[in-house]
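Here are the chains, one letter per residue:
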Amino acid sequence: MLAGSPIDANAHYSTAIELARLTGDIFWHAGAMEGSVCALLVDRMDHKDPLLEEEVKYRYYNVIQLYRRSYLQDNAQRVSTVSFELEATLKLARYLCRRELAKEVVDLLMSAADGAKSLIDASDRLILYVEIARLFGTLGYQRKAAFFSRQVAQLYLQQDNACAAMSAMQVLTMTSNAYHVQSRRNCQKMCPSPQDLGASHADGGKMHPLSIVSLFESQWSTIQMVVLREILMSSVRAGDPLAAWSAAARLLRSFYPLITPAGQSGLASSLANSAERLPSGTRCADPALPFIRLHSFPLHPSQTDIIKRNPQKKEWWTGSAPSGPFIYTPFSKGAISDCNKQELTWIVGEPVQVLVELANPCSFDLMVESIYLSVHSGNFDAFPVSVSLPPNTSKVILLSGIPTKVGAVSIPGCIVHCFGVITEHLFRDVDNLLLGASQGLVLSDPFRCCGSTKPKNMSTPNISVVPPLPLLVSHVVGGNGSTILYEGEIRDIWTSLTNAGTVPIEQAHIALSGKNQDSVISIAHDVLLSSLPLKPGGEVTIPVTVKAWQLSLTDSEFDASKSSSGSARRISKEGSSPLLVIYYAGPWTSPDESNGSGNSVPPGRRLVVPLNVCVLQGLRFVRARLLSMEFPARVSEALPKQICGENGITEELKSVNQNDSLVKIDPYRGSWGLRLLELELSNPTDVVFEVNVSMQLDSQQSEHGMANFSNEDIDFGYRKTRIDRDYSARVLIPMEHFKLPVLDASFFSKDAQVNNIVGNKVFSTAERNAKAELNASINNLISKIKVKWHSGRNSSGELNIKDATQAALQASIMDILLPDPLTFGFRLGENGTASENIVSPEVSSISDNPTGQPGSRNVALDKGSVLAHEMTHMEVIIRNNTKERIKMSLNVSCRDVAGENCIEGNKATVLWAGTLSDISLEAPPLQDVTHSFALYFLVPGDYTLLAAAVIYDATEVLRARAKSDSSDEPIFCRGSPFRVHVVGTA
C-alpha cells in the first residue's frame, strides 16, 4: 500500500487473513481484513459499483464483529480493542455518509456513541464526539450534531484552563445556530430577510405560516437556556467580555419569563460586569433590554399639510387633496410591491417626531442611558434621550430628529445605550416576536405582561425628504382663546401670520372651509397679497370680519353654567366655527437644486386656521307678520321738495328730519292703506339690547330718469328700542317707501309667467328668467330691512330676518312693490307760485297765541300752518307713475275733524275759488300735472284735504293693478289724506 501497489497489498492481506484464521488470532484477522478493504478501494478508486459497495459493507461489518470478539477474549489480558472497533465503525460511516443511506449511517454513529463509554481517555472521547458531530452535520442532522458538539464543549469545560474554555466557547457558538440562539452577528447571512419571510411593516406585520414556524419551531426553552448559560460560563472563563455580554443579553431577552427575579438580577449584574471590561462605546449586535416597537408618527406642530404644486395652473393648489403629512391615495400609480405603503414627507431643517413604546418585563429597574432613531441613509440627525423604566412597566416616548439632506429616509429601529454597550433594536424583530406570541409560538408578549394595550398595526411609511419650505405660524391677536359672540354679532378677528421658515413665501391664497362659512363677511385678501414676498421672520396681520350665525338645535347645546335668570342658555358646539385655509408656497426652484431631485418643483403647504368663535344665544327673532293697522299718527314734516337734477329730470329729496318720514296717516280713519311689517323680538340673555330698525333705499337714476335711492344717500332709521333681559318687544316697519318708482307691465307678465310655471310645470328660458327677476326683486326688498342691535360698549350685530320676512311678505309682495298709478300731493301757493307744503308734523305743531287776542298778525305761525279768514292759494300735484298717458277726472274734497264735507252743504265752513270737482286732466308718462285752487277757512282747526281721480280708457296695466276684470268699469284712484292746520279766531 505504501509503495503504491494495491494489488500486491491485497495479495499480502489475503495471505495474512488465511494465516490469522488458521492460528485463531482474531485481532490480527480483523486488522488484515480491514487492510484488504483499503487495498480494494484504492485499487478501484475511480469506479462506483454497487457490488463494490456491498462488498465493502460486508467486509467492514465482519471487521467490526471481529474487533468486538477480540475485545471480549483479550479482556483478561487488559488489552482494549474498543478504539479499533470505534475507528472501523467511523470509517464505514464516513464511507457511507450520504442522504440515501442515512439510516445505516445513523445506526453506525449511534453505535459508536455507545462505545464511547468504554473509552478511558477523555481526549479519545473528545475526538470521537467531534467526528460523530461532523458526520451528523454532513447528513444534515443539525440537532444531533449540536448535541454531540455540546458533549465536546463539556469535555473542554472539564479542563481548567483558558484555552480549553475558549475552545468550548467556540464549539458552543457553532452549535447555537442549531438551537436558534445564535448571535445576530453570526446570522446576518443565515437569517431570512423580511422579503424572504414575507414580514415587514409594509404588509402590516403579516407573515406566511410556514415562515413563522421556521422562526420558532426550535424554541426548546430548557435546552436553549442551558446552551446560552454554557456560552456565558465559557466566555467568562475565556476572558471574552463581549461574548459574555452577548450571551447574557440573549439569555435575558429571550427567556426572562422562565428566569426567577434573582436570576434576572444576576444576569443584569453579568451585563454590567462585562461592560466594565469593555472600552467605552463598544457596540454589540445582540440587543438586551428594553423591548422596543414602533408606536406612531405624530404630526409635529411645525409640520403642516404638504400640497403638490401644479406649475401648469395659476391655482397651483387645485387638483391635490392632502391628508395631513401623508400623501397617499389608493389610486396613485407606483410599484406593485409598495402600492399599499403610505408616503411621508419631511422637510429639510424642520424637526420631526416618532413615537416608540418601550417595555421592561423584568423585576429590576432599567436605566437606558440614551436612545435615538437608527437611520443609515446619512441624511438625518437623531436626538438621543434617556429614560428610566421601573420593573414590569412600559412607556411611550417621543424620539425626534432633523432631516439634513434631500432623499429617502429609512428607520429600521433604534440605537440604544444600555448596560454600558450600544446596540441596535430592530422594529422587525419585535414585530415577529409579537406575532409569534399571538400564535403561541413563543413564551410571552413582553408588552402585554407590562400592562400595555394592543396597538393598531402601524406600518413604516416611505419617508422622503424635500428641500426647505416656508412655514407659516398663526396666532390670534389678543389671545388664542375663543371669541365669544352673540347671535348676529359682527366683529373683526385679527389673525397674525409669521413666516417661521427659512424660505420666503412668494405665493399665497386664502379660502374657507368647515361649517358656517357664510358667517365670514369679508377677508382682507389684499393685505396678504401686498405683503408678498413674505421673508423669513416677516409678519402680516389679516382682519377677518365674522358675523355670528344663528344657533340651531343640531349645532348647539345647553351651557353647563346657567344664566343669572336661572334658565339654561344655548351655545354653539365645539367644531362649528369656520376655518381659514391658507395655501402658500416658496420659489418654484429649490436653492440647492444641484443636490435635489432634478427639475422637481418644491411642494407647497396648507395652513388651517380655525376661527375659534363661541356663539351664545342672543337676541331672538320670534316671528314676522304683515299687518294693516289703524291708529292715529302724524304726517311727516314736509313733502319731498321738487328740484331739478341732471338732464332736467325731477328728483325727490327727503327732509333732514326722518323720525316719522315713512308714515302718512288719515286722522279720521286711522292708517289709510298703510301696511306695516311687525317684528317680534325676545331677549333671553343676561344683557340689555338696544334695537335699531333701519331701511336702506336706493337713490340711483333709473333708465326712465326717475329717482332711486342708494344705500349711501338714504338710511331711514327709527328710534332705538330697549329690550331688557327676559322681555320681548315688537317693532313696526311701514312698507310705503319700498314701492317701485314705475308701474310697468313687465311685473304683471312676470307674475303671470310664474303662475303659469307653477300651473303647467313647463320651464323655458324666458320663464326662468322672469321668475329669477321677480325673486331678485323680492330679495332686494327684504335685504333693505336691517335690524341692528347694540349691547354694552363694543358688542353690536344684526339679526337675520330674511327667511321669516320673506314668508311674511310672500302673499302681498306685489301690493307692496308696485306703486299706485297716480300719486297726489298738496302744497301752498302764493300769487300762483309754489310756496310751502301743507303738512303739520309732530315737531312743528302750532304754538297758539298766548294772549288769545283775535286777529293778531304777530302770532307765531309754524311752518305749514295757514290763517283763517284769508284766501289761501293751493296746488294739487298729480304724478303719473306709468309709462302711458293717463286721462282722468280729478276731484278735491276738504273734511273737518268730524269727517264731514266742509265745502258743500248749508253748514260749509270753507269757501273756495277755482274748480274742485270733475276736473279733466291728462298726465304725460312719468311726469306731473298741477291744478291750482284757493280755499278760505272760516273756522280755525284741523282740516283734511283729499284728492281722487277717475281714470278713463284704462289700459290692461291699470286694470291689472286695480285687480279689475271688467273693461267698462272705470278705475278709481285716491291719494293719501293731507292735514291742514288753520290758526286764528272764528
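The shown structure was predicted, so the numbers you read here are calculated from the model rather than taken from an experiment.

## A closer look at the overall build of the protein chain
Here's step 1: Looking only at helices and strands, one finds 20 helices and 45 strands in the protein chain.
Here's step 2: Considering only residue pairs separated by 6 or more positions, the protein chain has 75% of its internal contacts joining residues 24 or more positions apart.
Here's step 3: A total accessible area of about 49600 Å² is found for the protein chain, and carbon and sulfur atoms account for 51% of it.

## Here we look at the packing of helix α4 (residues 82–96) against helix α6 (residues 122–139)
Here's step 1: With their axes 11 Å apart at the nearest point, α4 and α6 run at an angle of 15° to one another. The pairing of α4 with α6 is recorded here as roughly parallel in orientation. Two packed elements cross with a definite hand, and for α4 against α6 that hand is left-handed. Of the residues in α6, those touching α4 at L86, L90, A93 and R94 are L128, E131, I132, R134 and L135.

## Some words on the sheet that holds strand β2 (residues 291–296)
Here's step 1: Pairing is antiparallel in the open sheet, where four strands are placed in the order β2-β5-β9-β7. Edge positions in the sheet fall to β2 and β7 (380–383), since each has one partner strand and no second. On average, each strand axis in the sheet is tilted by 35° relative to the strand beside it, whichever way the strands run.
Here's step 2: Relative to β2, helix α14 (residues 427–438) is tilted by about 95°, and along the sheet it contacts β2 and β5 (352–360).

## So, the environment of L126
Here's step 1: Along the chain, L126 turns up in helix α6.
Here's step 2: Residues L126 and A116, 10 residues apart in the sequence, show an inter-C-alpha distance of 9.3 Å.
Here's step 3: Those residues in contact with L126, other than ones at most four positions away along the chain, are V152, L155, Y156 and Q159.

## Let's talk about the pairing of strand β4 (residues 343–347)
Here's step 1: Counting buried residues along β4, four of its five residues qualify, which places the element largely inside the surrounding structure.
Here's step 2: Summarising the sheet, β4 and strand β13 (residues 462–466) pair through five bridges and their orientation is parallel. What sits directly across from I347, in β13, is V466.

## Remarks on the nonpolar core
Side chains of nonpolar character tend, in soluble globular proteins, to be buried together.
Here's step 1: Counting 115 residues, the largest nonpolar core has I132, W346, V356, I411 and F419 as the members making the most contacts within it.
Here's step 2: When sequence neighbours within four positions are dropped, the list of residues in contact with F419 reads W245, A268, L271, A275, A288, L289, F364, L366 and E369.

## So, unusual backbone geometry
Here's step 1: Cis peptide bonds are those with omega within 30 degrees of zero, and the linkage from L289 to P290 qualifies with 0°.
Here's step 2: Checked against the element boundaries, P290 lands in the loop between β1 (283–284) and β2.
Here's step 3: With omega at -10°, the peptide bond leading from L532 into P533 counts as cis.
Here's step 4: The backbone of D918 sits at a positive phi, close to 50°, despite the residue not being glycine.
Here's step 5: Positionally, D918 belongs in the loop between β40 (910–913) and β41 (919–923).
Here's step 6: For D918, a relative accessible area of 59% gives the class exposed.

## Re the state of the cysteines
Here's step 1: By the definition in use, this model includes zero disulfides.
Here's step 2: For the unlinked cysteine C449, the closest cysteine sulfur is that of C450, found at 4.3 Å.
Here's step 3: A relative accessible area of 38% places C449 in the partly exposed class.
Here's step 4: Here C902 stays free of any disulfide, with the sulfur of C894 as its closest cysteine sulfur at 3.4 Å.
Here's step 5: Residue C902 is classed as buried on the basis of its relative accessible area, which comes to 1%.

## Some points on the packing of aromatic side chains
Here's step 1: The full count for this structure, using the stated rule, is 17 aromatic pairs.
Here's step 2: Where F27 meets W28, the ring centres are 6.4 Å apart and the plane angle is 85°; that geometry is what we call edge-to-face.
Here's step 3: Relative accessible area serves as the criterion here: at 60%, W28 is assigned to the exposed category.
Here's step 4: On the numbers, 6.4 Å between centres and 15° between planes, the contact of F136 with Y141 is stacked.
Here's step 5: Since its relative accessible area comes to 0%, F136 is described here as buried.
Here's step 6: Grouping aromatic residues by their ring pairs yields a cluster made of Y129, F136, Y141, F147 and F148.
Here's step 7: Note that R293 overlies the ring of F447, its terminal NZ or CZ placed 4.0 Å from the centroid.
Here's step 8: One Lys or Arg, R309, reaches over the ring of W316 and ends 5.6 Å from the middle of that ring.

## Comments concerning the packing of helix α11 (residues 221–238) against helix α12 (residues 241–255)
Here's step 1: Direction vectors running N to C along α11 and α12 enclose 160°, while the axes themselves pass 8 Å from each other. As far as their axial angle goes, α12 and α11 are roughly antiparallel. The handedness of the crossing between α11 and α12 comes out as left-handed. Where α11 approaches α12, its residues S221, Q224, M225, L228, I231, L232, S235 and V236 are matched on the opposing element by A243, A244, A247, A248, R250, L251 and F255.
Here's step 2: Split by residue class, the contact of α11 with α12 holds 11 nonpolar, three polar and one charged.

## Structural notes on the environment of N10
Here's step 1: Tracing the chain through its elements places N10 in helix α1 (residues 6–23).
Here's step 2: According to the relative accessible area criterion, N10 is partly exposed, its value standing at 25%.
Here's step 3: A sequence separation of 29 residues divides N10 from A39, and the C-alpha atoms of the two residues are 5.5 Å apart.
Here's step 4: Here N10 is in contact with S36 and A39, once residues within four sequence places are set aside.

## What to know about the pattern of salt bridges
Here's step 1: For the coordinates displayed, the defined rule picks out 24 salt bridges.
Here's step 2: A salt bridge links R59 to E55; its shortest N-O distance comes to 2.7 Å. Taken together, the positions of R59 and E55, both in helix α3 (residues 50–73) and four residues apart, correspond to about one turn of that helix.
Here's step 3: In this structure, K91 and E87 form a salt bridge, with 3.7 Å as the shortest nitrogen-oxygen distance. A residue pair is termed a helical-turn pair when its members lie 3 or 4 positions apart in one helix, as K91 and E87 do in helix α4 at four residues.
Here's step 4: Look at E87 and you get partly exposed, because its relative accessible area is 40%.
Here's step 5: Here the salt bridges share partners, and the residues they tie into one network are R623, E678, E680 and R730.

## Some points on the confidence of the model for the protein chain
Here's step 1: In this model, the protein chain carries a mean pLDDT of 75, and residues with pLDDT of at least 70 account for 75%.
Here's step 2: For the stretch residues 191–215, pLDDT sits under 50, and the model shows 42 contacts to residues farther than four places along the chain or on other chains.
Here's step 3: In this model residues 323–339 is a low-confidence stretch, pLDDT under 50, and it forms 21 contacts with partners more than four residues away in sequence or in other chains.

## Focus: the sheet that holds strand β3 (residues 305–307)
The strands that make up a sheet are held in pairs by hydrogen bonds between backbone atoms, and each pair lies either parallel or antiparallel.
Here's step 1: On the basis of which strands lie adjacent, the open sheet formed by four strands has the order β3-β23-β22-β17 and antiparallel pairing. The strands lining the two open edges of the sheet, one partner per strand, are β3 and β17 (507–514). Mean inter-strand twist for the sheet, computed between neighbouring axes without regard to direction, equals 30°.
Here's step 2: Sheet topology places β3 next to strand β23 (residues 604–610); three bridges connect them, and they run antiparallel. The partner of I307 across the bridge, within β23, is G604.

## What to know about α1
Here's step 1: Helix length check: α1 (18 residues) gives 25 Å between terminal C-alpha atoms against 26 Å at 1.5 Å per residue, within 8%.
Here's step 2: Those residues of α1 that are buried lie in contact with α2 (26–43).
Here's step 3: Directly beyond the C-terminal end of α1, a positive phi value near 75° is found at G24.

## Some thoughts on the environment of A524
Here's step 1: With respect to the helices and strands, the residue A524 is situated in the loop between β18 (520–523) and α15 (525–530).
Here's step 2: Overall, A524 belongs to the buried group, its relative accessible area being 19%.
Here's step 3: Once the C-alpha coordinates of A524 and V544 are considered, the two residues, 20 residues apart in sequence, prove to be 6.6 Å apart.
Here's step 4: The contacts of A524, once residues within four sequence positions are left out, are I542 and P543.

What counts and how
Residues numbered from 1 in each chain as written. Predicted model: local features only at pLDDT ≥ 70, side-chain atom pairs only at ≥ 80, totals over all residues. Heavy atoms only, no water. Helix = DSSP H or I, 4+ residues; strand = E, 2+ residues; numbered from the N terminus. Contact = heavy atoms within 4.5 Å. Areas by Shrake-Rupley, 256 points an atom, 1.4 Å probe, with all protein chains shown as cover. Axes fitted to C-alpha atoms, helices over the stretch in contact; angles between N-to-C directions. Parallel < 35°, antiparallel > 145°, perpendicular 65-115°, else oblique. Left-handed = near helix turned anticlockwise from the far one by under 90°. Pairing = 2+ DSSP bridges. Buried < 20%, exposed > 50% of the residue type's maximum accessible area, 1.4 Å probe, protein only. Core = buried A, V, L, I, M, F, W, Y, C linked by side-chain atoms within 4.5 Å. Disulfide = S-S within 2.5 Å. Phe/Tyr/Trp six-rings, centres within 6.5 Å; stacked < 30°, edge-to-face > 60°. Lys NZ or Arg CZ within 6 Å of the ring centre and 35° of its normal. Nonpolar A, V, L, I, M, F, W, Y, C, P; charged D, E, K, R; others polar. Salt bridge = Lys/Arg side-chain N within 4 Å of Asp/Glu carboxyl O. pLDDT = per-residue confidence, 0-100. Expected span 1.5 Å × (residues − 1).

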